[in-house]
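An overview of the molecular structure
For reference, the chains in residue letters:
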Amino acid sequence: MEVGRRLLGFCALFCFFGGLSAESTCKLKAKFNLSGYKDVVKKKVVVGGMFPVHRRLASIDGNTSRLPVSSGCEGFNFRTFRWTQTMLFAIDEINRAPDLLPNTDLGYVIYDSCFTISKAVEGTLTYLTGQDEAVPNYRCGTGAPLAALVGAGGSDLSIATARILGLYHFPQVSYSSTCSALQSKFQFPTFLRTIPNDVHQSAAMAQLVLHFGWTWVGTIAAEDDYGKYGIKAFKEQVEEAGVCISFSETLPKVSSREDIQRIAETVAQATSRIIVVFSSDVDLSPLVLELLRHNVTNRTWIASEAWVTSALINQPAVNSVLGGTLGFGVKRAEIPGLQRHLLDVDPYANGLTEEFWETLFNCTLDSGKAAVLTKHRATGANGTLSRSVRTVPGGLCTGSEPLAQLGNTYSDVSQLRITYSVYKAVYAVAHALHHLEHCVDGQGPFVGKSCADITKFEPWQLMYYVKNVRFKVPHTDEEIYFEEGDVAGFYDIINWQVNGNGEMTYVTVGSYNGSAAPEDRMRIVNDSIVWNNEALETPRSVCSENCEPGTRKGIRQGEPVCCFDCIPCADGEISNSTNARACIVCSYEEWSNEAHDACVSKIIEFLAFGEPLGITLIAIAAFGALATIGVGVVFVAHIGTPLVKANDALLSFSLLFSLVVTFLCPVVFLGKPRHWSCMTSQVALALGFALCLSSIMGKTAVLMLRARALKAERARAKAAAKAAKLAAAEAAQAAADGGSPDVIATSAFHHAEAKPWANAGVDSLTRGHQRAIAAVATLIQAVACTVWLILIPPHPVENTSTQNIKIILECDEGSVVFICCIFAYDILLALLAFVFAFIARKLEDHFSEAKCVTFGMLVFFIVWISFVPAYLSTRGKFMVAVQIFAILASSFGLLTCIFLPKCYVLLVKPERNTEEMMRPRSKARDGTSTGTSASLATAATEVHATTASTHLDD
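The structure contained in this document is the topic of the report that follows. Bear in mind the structure is a predicted one, so any value in this text is a computation, not a measurement.

A look at the sheet that holds strand E26 (residues 795-799)
- Here we have three strands laid out as an open sheet, ordered E25-E27-E26, and mixed in their pairing. Edge strands, defined here as strands with exactly one partner in the open sheet, are strand E25 (603-605) and E26. Averaged over all neighbouring strand pairs, the angle between strand axes comes to 25 degrees, with direction disregarded.
- Inspection of the sheet shows E26 paired to strand E27 (residues 806-812) by five bridges, in the antiparallel sense. Each bridged residue has a counterpart across the sheet, and for Asn-799 the counterpart in E27 is Ile-808.

Observations concerning the packing of aromatic side chains
- Counting across every chain of the model gives 36 aromatic pairs.
- Ring centres 5.5 Å apart and planes at 80 degrees place the aromatic pair Phe-446 and Trp-460 in the edge-to-face group. Remark: Trp-460 occurs in helix H15 (residues 459-467) and Phe-446 occurs in the loop between helix H14 (418-437) and H15; sequence separation between them is 14 residues.
- With a relative accessible area of 13%, Phe-446 lands in the buried category.
- Relative accessible area serves as the criterion here: at 44%, Trp-460 is assigned to the partly exposed category.
- With centroids separated by 5.3 Å and ring planes inclined at 85 degrees, the aromatic side chains of Tyr-464 and Tyr-465 adopt a geometry described as edge-to-face.
- On the basis of relative accessibility, which here comes to 36%, the residue Tyr-464 falls in the partly exposed class.
- Across from the ring centre of Phe-564, 4.7 Å away, lies the NZ or CZ of Lys-553, which sits over that ring.
- Above the plane of the ring of Tyr-588 lies Lys-602, whose end atom (NZ or CZ) is 5.9 Å from the centre.

Comments concerning the nonpolar core
- Counting 106 residues, the largest nonpolar core has Phe-328 and Phe-356 as its most contacted members.
- Counting residues per element, this core draws most heavily on H14, which supplies 13 residues.

With respect to the side chain of Ser-176
- In this structure, Ser-176 sits in the loop between strand E7 (172-174) and strand E8 (191-193).
- On the accessibility criterion, Ser-176 (12% relative accessible area) is buried.
- If sequence neighbours within four positions are ignored, Ser-176 has contacts with Gly-153, Gly-154, Ile-195, Glu-305 and Ile-418.

Some remarks on the packing of helix H16 (residues 612-637) against helix H18 (residues 649-669)
- For the pair H16 and H18, the least separation of the axes is 8 Å and the interaxial angle reads 165 degrees. Considering the angle they form, H16 stands roughly antiparallel to H18. H16 and H18 meet at a crossing whose hand is left-handed. Of H18, the residues touching H16 (which contributes Ala-621, Gly-624, Ala-625, Thr-628, Ile-629, Val-631, Gly-632, Phe-635 and Val-636) are Ser-652, Phe-653, Leu-656, Leu-659, Val-660, Phe-663, Leu-664 and Pro-666.

Some remarks on the state of the cysteines
- Inspection of the entire model under this criterion finds nine disulfides.
- Residue Cys-439 pairs covalently with Cys-451 via a disulfide, S to S 1.8 Å. The sign of the -60 degrees torsion about the S-S bond sets the Cys-439-Cys-451 disulfide as left-handed. Taken together, the residues span a long stretch of sequence, with Cys-439 in the loop between H14 and H15 and Cys-451 in the loop between H14 and H15 at a distance of 12 residues.
- With a relative accessible area of 18%, Cys-439 lands in the buried category.
- The side chain of Cys-543 participates in a disulfide bridge whose partner is Cys-563; the two sulfur atoms lie 1.9 Å from each other.

Quick notes on the rules
- Residues numbered from 1 in each chain as written.
- Predicted model: local features only at pLDDT ≥ 70, side-chain atom pairs only at ≥ 80, totals over all residues.
- Heavy atoms only, no water.
- Pairing = 2+ DSSP bridges.
- Helix = DSSP H or I, 4+ residues; strand = E, 2+ residues; numbered from the N terminus.
- Axes fitted to C-alpha atoms, helices over the stretch in contact; angles between N-to-C directions.
- Phe/Tyr/Trp six-rings, centres within 6.5 Å; stacked < 30°, edge-to-face > 60°.
- Buried < 20%, exposed > 50% of the residue type's maximum accessible area, 1.4 Å probe, protein only.
- Lys NZ or Arg CZ within 6 Å of the ring centre and 35° of its normal.
- Core = buried A, V, L, I, M, F, W, Y, C linked by side-chain atoms within 4.5 Å.
- Contact = heavy atoms within 4.5 Å.
- Parallel < 35°, antiparallel > 145°, perpendicular 65-115°, else oblique.
- Left-handed = near helix turned anticlockwise from the far one by under 90°.
- Disulfide = S-S within 2.5 Å.

Structure below.
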């Protein structure tokens, strides 16, 4: 805005001059207060220069009631004064060089810009005018032509001067203006520079941050074009690479204590340990002092070239704050003879030199001023002047103070970087003038192949030579040339390290070449870097630690992407890289390992023959089958005995055969499921139990009918006995009356005493019926199984839903309806057998088969009722094991309860295996007897004989 206002004023001034008549006189509107160096007398060409020798403008009272006066400057800068002297040294060296401009002496006009735009504009206008009073758009001087302007210091200053100089196509070669905005030839057609463009520096900073893996950085930029453009380019590159900005602060151009305190508190409270600063040393200096007061340590600062080697920043007290700083410095060189020139400066030659001397030695070169100062000090002490004070004024400089002994920034030539850039800028102008001077007529670059006259050339003519200049710098042999006004982007990477004397030194630890291939641009020796932390190791600066393999990044709402939570991958998902954004789902046959960083093959599970559980089950099943066969052998050996004949041998053998089948079924359940095994296992089990239970049902059906017939016969016997007693009583009464009643009474009594089971011995179900029941019941199950196998047969499947880490090989039953119907049919048979046996349980003799069957069925039901919850609560191969245990347990229960008592009689108590033992036991308390399962089978043949014997007795 300040530049705009001044330009507007200048335009108004132009109009004013244009409107004046020929008779009108010029009127000076303002007189600029500029300081600097000037040597134009008897010079063929004049080179301009502009350096920020002072840091700021002196404050003014702002009174508008009197004539405004151009502000002066304050805050002498020894570093930039060295730059000024370097230009003087270079011009003097060129004037003495025999091979460069041998016939031309260069003059110079150098102004102090005071590091402010207004002073830079004042100096530019004055330089263009050619006299101390600036007259815009006019060249009032008649002396040597102006060649070019070397300057004007900071980027903001160069932008302001370049806009003015561009209007007149006047060349400007900058030594320290790096802002990327100046690369626009549309806005700044005559601007060139001998210092790299900040495009390279921003890229170098970004690559440095990425090189060390820092993802959480803070930024501080000066409130000017240099800071804004530089930090903007840096942010764009690092954010694209996934780096987040912890905080972003701007340093005010006019130092404000409140702003500086706020920025210092932000730095102190920030969690980022890396801070990138794009600023000049003048703007950064107040913040460094505030950080010292806050004792902000354990930070690593990334410095731009403007302050990385600045003595204004590198003060002895800053070691704790800025130690370990990494920064980018432009090329360094040694310039022979420069130090001698710096030390030989004449304190009385110029106003700037006088101020330099007085500021450096804290004295004054003006004896009158020194006497006044001494008088004030002495009077202030005791009110009188001593003789010694009156004779020797205190604070007076002699002009011969030793510069070399001070070791000041001004005389320090160990880090000639910007100084070297100034040196190159002066030589660039000199070489352009040399080519212009030695142009051969007829071979020139201008219209008609003409050349320019070095004594009266136009600025645009010199501009042609400047932009096309190509030369080697003396003493260094560095080749300088401009590409679109810029030079190659080469930087040294500098690390601030404390030496043995406790002094901060600049150590080069790497380099950056913006012209090289991307992978070769940065070279850095990590081990040579000294960091500003207790561990002396590469600092970490992250908002969140890296998410290790096995986890993924979960973004925190409302926070930068670098701030995240590490969320473990779910089961079946993995991440095999650091900071994975999403987990990868494992394939169907794989599952995540415990760390969730790799997919591993799922465990294939089935109940194998060779594992201990399988061997155990096979052994138990084999034992059961052998035991059943053993029972069958026993029965065959005793086939003609009463006990075996009384139990229908064929049904007994069918029952034993079915038990062998059920004992051997578990073998089919073991091993890897196949199509044939899946179809065989359940069908064999269903048919085996169907045959077993139907055989039992056939046996118990007869027992049930006998029990019901016996119950009815017992009721008739009781009625007959009661009638006999009544008849006996009547006979006794008749005998009392006369006659012979004994025979009649005896006959009636014997009829009453007749066995109640005598007429119940004829079975309504013969053995053929029993066998038919077993066969038909089994056939129904066989038909159902056949339909099942044809329509929806069982088949092997890979079950991955039950257990994630396993693939369970099992049989899919095909249809739940079919298998439920089939086993429901077996349950129906079991229930019928149990009911029949339970009804016949009270048949009594020495061997009660109904009770054995009842107990066997109870065991069967208990086993299978317990099986259901156990089966549902297990997974994988243990489900098969539970099913096999239920099959074996129920089979052993039936075998033991039904056949063990019979085998006991056949093998241990053979004396009981007689017809007599198959007969009824003694009468019951009511005077009646009950039939038995074995006795009733032979009782029918005895009924008629007993009745006949009774009649014969009568």
